[in-house]
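Residue-level structure breakdown
Here's the letter readout for the chains.
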Amino acid sequence: MHNNIDNDNNINNNDNIRVRFAPSPTGHLHIGGLRTALFNYLFAKKNNGKLILRIDDTDIIRSSKEYEDLIISDIKWFDIKYDEFYKQSERKNIYERYLKILEEKGYIYECFCTEEELLRSKELSINLKKPYIYNGRCLNLNSDEKENLRKKLADAGLVPSIRLNMLKLGCEQVEFEDMVHGKVVFNVKLLGDFVLKTSDNRFTYNFASIVDDIDLGLTHIIRGEDHISNTPRQILLCKALGVSHPVFAHISLLYGKNGKLMSKRDFNANLEYYKKEGYLPQAVLNYLAITGNTFIVNDERFSDEIFSSINEMAHYFDIKRTKSSGAIFNEEKLKFVNEKWLQQLNADDLISIIKEKFKTRYIQNIFDCAEKEYGKEQLIYIIHFLKNEYKTVIEIISELDSVFLYNGQYKYFDKEIAELLFKNIKETAIDCEPEPLGFNEILIKNIIQKITKENKKNTKDIYENLRMVLTGKTNGPSILKIAVLLGKERVLSKLKI
Ligand code: GLU
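Residues numbered from 1 in each chain as written. Predicted model: local features only at pLDDT ≥ 70, side-chain atom pairs only at ≥ 80, totals over all residues. Heavy atoms only, no water.

Turning our attention to helix H19 (residues 479–486). Burial of H19 is extensive: six of the eight residues sit out of reach of the surface. Looking at H19, one finds that the buried residues are Ile479, Leu480, Ile482, Ala483, Leu485 and Leu486. Elements that come into contact with the buried residues of H19 comprise helix H14 (361–387), helix H15 (393–405), helix H17 (441–455), helix H18 (459–471) and helix H20 (488–495). Positioned one or two residues after H19, Gly487 has a phi angle of 90°, which is positive. (Buried < 20%, exposed > 50% of the residue type's maximum accessible area, 1.4 Å probe, protein only. Helix = DSSP H or I, 4+ residues; strand = E, 2+ residues; numbered from the N terminus. Contact = heavy atoms within 4.5 Å.)

All residues in the neighbourhood of the ligand are listed as Arg20, Ala22, Pro23, Ser24, Asp56, Tyr205, Ser209, Arg223 and His227. At a separation of 2.6 Å, an oxygen atom of the ligand approaches a polar side-chain atom of Arg20. Arg223 has a polar side-chain atom sitting 2.7 Å from an oxygen atom of the ligand. Protein burial of the ligand: of its 300 Å² of free accessible surface, 80% is covered by the chains. Counting atoms within 2 Å of the grid points, the majority share of the ligand lands in the largest pocket. Within the shell around the ligand, the residues separate by chemical class into three nonpolar, three polar and three charged. (Near = heavy atom within 4 Å. Polar contact = N/O pair within 3.5 Å; in protein donor to acceptor, adjacent residues only side chain to side chain. Areas by Shrake-Rupley, 256 points an atom, 1.4 Å probe, with all protein chains shown as cover. 1 Å grid on protein atoms, 1.4 Å probe; cavity = no way out; pocket = protein on both sides within 12 Å on 5 of 7 lines; lining within 4 Å. Sits in = over half its atoms within 2 Å of the grid points. Nonpolar A, V, L, I, M, F, W, Y, C, P; charged D, E, K, R; others polar.)

In spatial order, the strands read S4-S5-S8; together these three strands make up an open sheet with antiparallel pairing. Strand pairing shows two members of the sheet lacking a second neighbour, strand S4 (108–111) and strand S8 (195–197), which therefore form its edges. For this sheet, the mean angle separating the axes of adjacent strands, direction not counted, is 40°. In this fold helix H3 (residues 92–104) packs onto S4, strand S5 (161–164) and S8, with an angle of close to 130° to the strand it touches most, S8. (Pairing = 2+ DSSP bridges. Axes fitted to C-alpha atoms, helices over the stretch in contact; angles between N-to-C directions.)

Over the atoms a probe the size of a water molecule is rolled, and this reveals where empty space is left. By volume, the largest pocket amounts to about 930 Å³. Around the largest pocket sit 38 residues that line it, and Pro23, Ser24, Gly33, Asp226 and His227 are the ones nearest its centre. Looking at the lining of the largest pocket, the elements with two or more residues in it are strand S1 (18–21), helix H1 (31–46), helix H7 (205–215) and strand S9 (220–224). Counting residues per element, the lining of the largest pocket draws most heavily on H1, at five residues. Classifying every residue of the lining of the largest pocket by side-chain character gives twelve nonpolar, 17 polar and nine charged. Quantified by volume, the second largest pocket comes out at close to 750 Å³. If you go around the second largest pocket, you meet 27 residues; those closest to its centre are Leu118, Lys122, Arg163, Val195 and Thr204. (Points joined across faces, edges and corners; volume = space filled by probe spheres on them.)

Pairing is possible between side chains of opposite charge, provided their charged atoms come close. This structure, assessed with the given rule, holds 33 salt bridges. In this structure, Arg54 and Asp212 form a salt bridge, with 3.7 Å as the shortest nitrogen-oxygen distance. One end of the pair, Arg54, is in strand S2 (residues 50–55); the other, Asp212, is in helix H7, and 158 residues separate them in sequence. Per residue, the accessibility class of Arg54 equals that of Asp212, and both read buried. Close ionic contact of Glu147 with Arg150 constitutes a salt bridge, the shortest N to O distance being 3.2 Å. In this pair, Glu147 and Arg150 are both assigned in helix H5 (residues 143–155), three residues apart and thus about one turn of the helix distant. (Salt bridge = Lys/Arg side-chain N within 4 Å of Asp/Glu carboxyl O.)

Structure follows, in structure tokens:
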């Protein structure tokens, strides 16, 4: 807990900060994508700005409503709240309007090259080991040539594509100040006249994206560094449109411990994995926020790196401290962060989170049964105990299932000890029957001592037997606490041979 919230490194509260997370609904949201969403969320929150969720679905072939819904539900699962929502497929008129502006300014031209022709030039570049740059072939066609080529395309059901005229823009290089990378310079010659609208009438990512960024009044673009090579193109489009470009921040992608970029194929890239493993949404966010990133709290590096709330995380978030590359994903560290979050949540809140977020039939069923068996109040005590002993929700639930709900009998190591425990607990329990708190840790300890003395038994063996009978395991958290939480009747019924 950090009460001293005093270092104010807000960008500028009056700037009306607007950022966006712009996933393409062509697959599941990936853990790296969640990190990008989070950084935007934290940046907006810190600066009293707005977060926009924009679905980049210009690629109609690869995009699907199913993935769109999944992405939205993932974002909600992690409690990343957005203020506005847009879909590129519903904004075609806006792109047309901006294209018209470029046309009026003479910054675009029609390209009649067929896919095969372009492919051939690309192959040629590859063979020559040169970067592919469009050769500008269609820039100087006369109107007769254009009409001929237009007819040919029309026969194939296509229209000319539209390219940006770099020559007309007259820039040799694009330079921008990235909030993460510092000064970045690109040679315009290497970009070529890129396509804004394709021959099958689709707006390209580079065009639609920056048009939206401008049109939606976005002030900062925080995205993965895999997009850094798109940025000069988008900045040139801003120049052509006569508007200033947003501030860019390209954050590192996530790498596995083996140093390889995490890809959609990695089992732990899919967010379902974290839900299934019982990670708390807040803990995953906390972990992603500190990965490849430094937090300074009260002028010092924030050493324990566990925040008490997402608000606190946002308060100390500073995008400029984000590492420009090599954010390494480490699941053991995530587990550690999850464990700390379990400990700092109170049992009531944890119960609400389990009910709301972990909706698998198995988890909800165990939970309902436990509530029925123990009552709400006792279940809070049990969860309070378990959350301090285990690292994930799944571990807690499986313990709830196997120890607190299992009413069959686990084996014992030593029949005589089990019988002695049964007899002594039963007798002592009767002694303190009117006193409901009688079955406590001290009492059980005394019973074990008594059995040790009177029967020449080894204390360790008695504990081990008790643990085995109650939990079916040879080790785990305090068996005295478990016995108390189970209550004497359940303990006796498990000990009964
Ligand atoms: N839709 C792009 C993607 O999912 C993001 C584009 C951007 O952030 O500019 O990679």
